[in-house]
Every structure is written in C-alpha cells, then in structure tokens.
Amino acid sequence: MAKEQILVVEDEEEIVELIDYNLGREGFKIERATTGEDGLAIARSLKPDLILLDIMLPGIHGLDVCRSLKSDPNTSDIPVIIISARGEETDVVTGLELGADDYMTKPFSPRVLVARTRAVLRRKKEAAIDETSALNVHELRINPGKHEVFLKENALSLTATEFRILHFLARHPGWVFTRQQIVDTVHGEDYPVTERSIDVQIAGLRKKLGESSDYIETVRGIGYRMKE
Ligand code: CA
C-alpha cells in the first residue's frame, strides 16, 4: 500500500521538524509548505491524505487557507487538522466551523500528534456511516429509525432535540463540535435552537444519562464531543 501523504503548512522550523521526524517514523510521507500560498498550491496538485495547517502563517492567514480548501470541491474532502497557539480558541472555533476536522494546540507532544493524525485518517474512512443504521457507543444503543435510545438496556425518554444532539455526537466519537455546528445540525422543529439553548439541551441530556453523563464532554472554549 502506498504511504499516506501528509502536507504540513507551518512556518516554524522546529514544529515542522517535530512533525517530520515523528510522523515520518510512523511511515507517513511528509510534504512541507511554509506559506499559505504554497500550502494551497501543493494541496491542489498533490491531493494529500491529510493537511496539518498552522493558523498564524506569513501571507495568507491559516483560516483563509482552510476556507479555500473546504470551499473547493477538489480539496474539500482532504481532512485538515489546525495547529493553533495557546489562547486562540476563537480561531479554533472558526476553523472547525469552516470544516476543519480537528485541532492541536502548541506545544503538542509527539504522542498527541500521532494519535490525532491516526484518529482523523481513521474517521475519514469511517465517515460513510449510514445515518439511519443503529449505532452502539459505549453502553448506548441508538436506533434512529425508531427514535429509541437504550443505556445498558434501559430505554431513555429523550425530546426530539435531545435525540438529534445525542445521535449527532454519537456518530462522531472524539470529534469536537462547536455550539453553532450543533445548532446547524439539529435546528429543531419543536422550537428555535440557539447556541445558548444547546447548553441547556446538553444539561438535560446529561441528567438523563445519569452516571454515564460523562459520555458528553465539554471542551472549554470550543464546544462538545462524545467521549472517544
Ligand atoms: Ca506560525
């Protein structure tokens, strides 16, 4: 099988070397770009399997690179992991809403780098899960066709909106979603869903999950995810 190609768009030589060494050792083929312009050009010609994209780049901003990649049908399927500096949560939120698949905050360890890279590549392959088929996550069993959720054999009584949120998060364990992304997915028919009301819905869901409420994790400054 051909080696999976990873494009690193990053201007800090130390970070590029850390990625090159650690992912190279794991068998990935690494391509480098130090500006957003070069990153876009290489992404379009090479179609790598994954892009690691720094936010603060000379020239085009990383978020604009992300926007261009995700709005172009030729590159929109390539998974993107954003590399952010500490304290750039707002940029991470914007990046995720532009379609980035995950993020890492500098400084990150080689272990985190390899784990995130593998997880995003694996999710990409699994992305084609049928939205109507039954789903088992942790001790939850979700049956979308019947609108049923069981927790350790006990049926949970969820509202339509709670059901949609839980089903959405459960289809992507480990993925972080912003409140706006959750709103966009569940926009309730029962009443208008807002970013703030997502917090209320999540609180309600956790209450019904009882001892398993930690299945839904809060990612500070970003949003929520189903425990991986
Ligand atoms: Ca940078």
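Residues numbered from 1 in each chain as written. Predicted model: local features only at pLDDT ≥ 70, side-chain atom pairs only at ≥ 80, totals over all residues. Heavy atoms only, no water.

## Section: the sheet that holds strand 9 (residues 154-156)
Pairing is antiparallel in the open sheet, where four strands are placed in the order 6-7-8-9. Edge strands, defined here as strands with exactly one partner in the open sheet, are strand 6 (135-137) and strand 9. Averaged over all pairs of adjacent strands, the angle between strand axes in this sheet comes to 25 degrees, irrespective of strand direction. Of the strand pairs in this sheet, strand 6 and strand 7 (residues 140-143) are connected by three bridges, and their pairing is antiparallel. The residue of strand 7 that forms the bridge with leucine 135 is isoleucine 142. (Pairing = 2+ DSSP bridges. Helix = DSSP H or I, 4+ residues; strand = E, 2+ residues; numbered from the N terminus. Axes fitted to C-alpha atoms, helices over the stretch in contact; angles between N-to-C directions.)

## Comments concerning the coordination of the calcium ion
Taken together, the protein ligands of the calcium ion are Asp11 (OD), Asp54 (OD) and Met56 (O), with distances of 2.1 to 2.4 Å. All donors of the calcium ion belong to a single chain; written as a sequence motif, their spacing is D-x42-D-x1-M. The exposure class of aspartate 54 is buried, given its relative accessible area of 2%. Classification of methionine 56 as partly exposed rests on a relative accessible area of 47%. (Donors = N, O, S within 2.8 Å, 3.2 Å for Na, K, Ca; no water. Buried < 20%, exposed > 50% of the residue type's maximum accessible area, 1.4 Å probe, protein only.)

## Looking at helix 5 (residues 110-126)
End to end, helix 5 covers 24 Å across 17 residues, agreeing with the expected 24 Å (1.5 Å per residue, within 8%). Where helix 5 is concerned, the buried positions are Leu113, Val114, Thr117, Ala119, Val120, Leu121 and Arg123. Where helix 5 is buried, its residues meet strand 1 (5-9), helix 1 (13-25), strand 3 (50-54), strand 4 (80-84) and strand 5 (102-105). (Expected span 1.5 Å × (residues − 1). Contact = heavy atoms within 4.5 Å.)

## Quick look at unusual backbone geometry
Across the junction of lysine 106 and proline 107, the peptide omega takes the value -5 degrees, indicating a cis bond. Looking at where proline 107 falls in the secondary structure, it is placed in the loop between strand 5 and helix 5. Residue histidine 138 is not a glycine yet carries a positive backbone phi of 50 degrees. Mapping histidine 138 onto the fold places it in the loop between strand 6 and strand 7. Using a relative accessible area of 35% as the deciding quantity, one classes histidine 138 as partly exposed. Its identity is not glycine, yet lysine 152 carries a phi of approximately 45 degrees, on the positive side.

## Quick look at the domain arrangement of the protein
What the domain assignment lists for the protein is domain 1 (5-127) and domain 2 (135-226). Looking only at domain 1, the three residues that lose the most surface to domain 2 are Leu96, Glu97 and Arg123, adding up to 51% of its buried area. Applying the counting criterion to the domain 1 and domain 2 interface returns zero salt bridges. Linking domain 1 with domain 2 are three residue pairs in polar contact (both at pLDDT 80 or more), by the criterion used here. Residue contributions to the side of domain 1 that touches domain 2 peak at five residues, all from helix 4 (residues 89-97). A breakdown of the residues in the side of domain 1 that touches domain 2 according to their chemical character gives four nonpolar, no polar and four charged. (Domains from an automatic or database assignment. Buried area = accessible area lost by both parts, 1.4 Å probe. Salt bridge = Lys/Arg side-chain N within 4 Å of Asp/Glu carboxyl O. Polar contact = N/O pair within 3.5 Å; in protein donor to acceptor, adjacent residues only side chain to side chain. Nonpolar A, V, L, I, M, F, W, Y, C, P; charged D, E, K, R; others polar.)

## Considerations on the pattern of salt bridges
The full count for this structure, using the stated rule, is 18 salt bridges. One salt bridge in this structure joins aspartate 214 and lysine 227, with 3.4 Å as the shortest N-O distance. Within this pair, whereas aspartate 214 is found in the loop between helix 8 (195-209) and strand 11 (216-219), its partner lysine 227 is found in the segment after strand 12 (223-226), the two being separated by 13 residues in sequence. Aspartate 214 sits in the partly exposed class, given a relative accessible area of 41%. Here glutamate 217 makes a salt bridge to arginine 225, at a shortest N to O gap of 2.7 Å. On the basis of relative accessibility, which here comes to 23%, the residue glutamate 217 falls in the partly exposed class. When salt bridges with common partners are traced through the structure, they connect Glu10, Glu12, Asp54 and Lys106 into a single cluster.

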